[in-house]
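One letter stands for each residue in the lines below.
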Amino acid sequence: MKKIILSILAGCALLSSTSFAAAFKGPGLGGASGLIGIPSARTSWEGSGSTSMGLDAGMHYLSQGEAMAPKMLITLFDRWELGGMYLGQNNANAFGLNTKFRFLPWTGQGNSALAIGYRMDNGLTTSSTTHQLYFTTTYGGQFFGMSAESTMVLGKSFGDFTRSGDIDFGMGFELDFFPSLFKGYLHWINDFSNFSWNAWSRSTSTNRGIFNTGWRIAVLKNHSKLKFDIDILGTDLLDDNRGFGIGGVFGLRF
């Protein structure tokens, strides 16, 4: 596990402040825009204008528990998100709510961003509720000559199945994978965290670090008002319950 953490830290250290290609900003597994299991400091329709509104709807299938995870996300004023998701599986049905506000830069322009967020997870089967407050930062640069964005998350969870002394931490990056070959349509995404996007299914005794990786394909990359992203993922790859996921997100801007 230490080697994985050091590898990701080294990758982030190699990012420079040069120009970069924009990340694909659709919702991840938990519903907030970002990587796979952690939220970035970007919003889903960032750069669309302060008076615009964006709507995303998606679905992911996860082999762990043969789960289906539909979600919906609304982006307001270019910098504020509100969303919800549902997890339906054999033994752990649940729903979650999330919100995120990007406060720097106010215009959304630039290589870096800062945001604060909140999520609530309610386990319908276990009658448990978990809350998380978090701070996230995202910055762009170059990784081995390819454009990338790196994200770090620091937060605190409280409620059922949490411990008062624990601090949440996550980091990851999104890489524009060989753009000369794939023309910017394919991104490689990775994240590692000591918390899970589906907190309701993990007790404190199994709350290990999570490593996810996979591919995100932006089918409508060049469309200014429509979005269709496809995710092909490996989830919880350092845990005994490792699995895979596949899903898609469709979005439009008003």
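Everything numeric here is computed off the predicted structure, so don't read it as measured data.

Now for the overall build of the chain. In terms of helices and strands, the chain carries 2 helices and 12 strands. Traced from its N-terminal end to its C-terminal end, the chain shows the element sequence α-β-β-β-β-β-β-β-β-α-β-β-β-β. Per-residue burial over the chain gives 52% buried out of 254 residues. If you take every contact in the chain between residues at least 6 apart in sequence, the share linking residues at least 24 apart comes to 55%. Carbon together with sulfur atoms contributes 67% to the accessible area of the chain, which is approximately 11,200 Å² in total.

Before going further, it helps to examine the pairing of strand S5 (residues 112–123). One ladder, built from 10 bridges, connects strand S4 (residues 94–104) with S5; its direction is antiparallel. The partner of Leu97 across the bridge, within S5, is Met120. In this sheet, strand S6 (residues 128–143) lies alongside S5 in antiparallel orientation, the contact comprising 12 bridges. When the sheet's bridge partners are listed, Asp121 is paired in S6 with Thr130.

Turning next to the nonpolar core. Judged by nonpolar contacts, the single largest core of 16 residues is most densely connected at Leu29 and Trp197. Elements with a minimum of two residues in this core: strand S2 (67–76) and strand S3 (80–87). Setting aside anything within four residues of it in sequence, one finds Leu29 in contact with Ile36, His60, Leu62, Lys71, Met85, Trp197, Leu233 and Thr235. Counting 7 residues, the second-largest nonpolar core is a separate cluster that includes Phe143, Met146, Leu175 and Leu186.

The subject of this paragraph is the sheet that holds S6. Sheet strands pair by backbone hydrogen bonding; their relative direction is either parallel or antiparallel. An order of S1-S2-S3-S4-S5-S6-S7-S8-S9-S10-S11-S12 is seen for the 12 strands of this closed barrel, with the pairing classed as antiparallel. Pairwise comparison of adjacent strand axes, ignoring direction, gives a mean angle of 20° for this sheet. With 7 bridges joining them, strand S8 (residues 168–176) and strand S9 (residues 186–193) adopt antiparallel strand pairing. Residue pairing for S9: Glu174 is matched across the bridge by Ile189.

What follows deals with the packing of aromatic side chains. One pass over the full model with this rule turns up 7 aromatic pairs. By the ring-pair criterion, three or more aromatic residues cluster together here, those being Phe173, Phe177, Phe178, Phe182, Trp188 and Trp215. A cation sits over an aromatic face here: Arg79 above Trp106, 4.0 Å from the ring centre. Over the ring of Tyr185 we find Lys221; its NZ or CZ atom is 4.9 Å from the centre of that ring.

Averaged over every residue, the pLDDT of the chain is 84; the share at 70 or more is 84%. Below a pLDDT of 50 lies the segment residues 1–20, which in the model reaches 45 contacts outside its immediate sequence neighbourhood of four places, other chains included.

Quick look at a nonpolar patch on the surface now. A contiguous nonpolar surface patch, about 530 Å² in accessible area, is contributed by Met53, Ile74, Phe77, Trp80, Leu82 and Phe254. Topologically, Trp80 is positioned in strand S3.

With that out of the way, let us pick up the side chain of His60. For His60, the position within the fold is in strand S1 (residues 53–62). Looking at His60, the relative accessible area reads 1%, which means it is buried. Here Asp231 takes part through its side chain, which lies 2.9 Å from a polar atom of the side chain of His60. In contact with His60, other than residues within four places in its own chain, are Pro27, Gly28, Leu29, Ala67, Met68, Ala69, Lys71, Asp231, Leu233, Ile246, Gly247 and Val249.

Conventions used here
- Residues numbered from 1 in each chain as written.
- Predicted model: local features only at pLDDT ≥ 70, side-chain atom pairs only at ≥ 80, totals over all residues.
- Heavy atoms only, no water.
- Helix = DSSP H or I, 4+ residues; strand = E, 2+ residues; numbered from the N terminus.
- Buried < 20%, exposed > 50% of the residue type's maximum accessible area, 1.4 Å probe, protein only.
- Contact = heavy atoms within 4.5 Å.
- Areas by Shrake-Rupley, 256 points an atom, 1.4 Å probe, with all protein chains shown as cover.
- Pairing = 2+ DSSP bridges.
- Core = buried A, V, L, I, M, F, W, Y, C linked by side-chain atoms within 4.5 Å.
- Axes fitted to C-alpha atoms, helices over the stretch in contact; angles between N-to-C directions.
- Phe/Tyr/Trp six-rings, centres within 6.5 Å; stacked < 30°, edge-to-face > 60°.
- Lys NZ or Arg CZ within 6 Å of the ring centre and 35° of its normal.
- pLDDT = per-residue confidence, 0-100.
- Patch = residues over 30% accessible without salt bridge, like charges linked within 9 Å, V, L, I, M, F, W, Y side chains within 5 Å.
- Salt bridge = Lys/Arg side-chain N within 4 Å of Asp/Glu carboxyl O.
- Polar contact = N/O pair within 3.5 Å; in protein donor to acceptor, adjacent residues only side chain to side chain.

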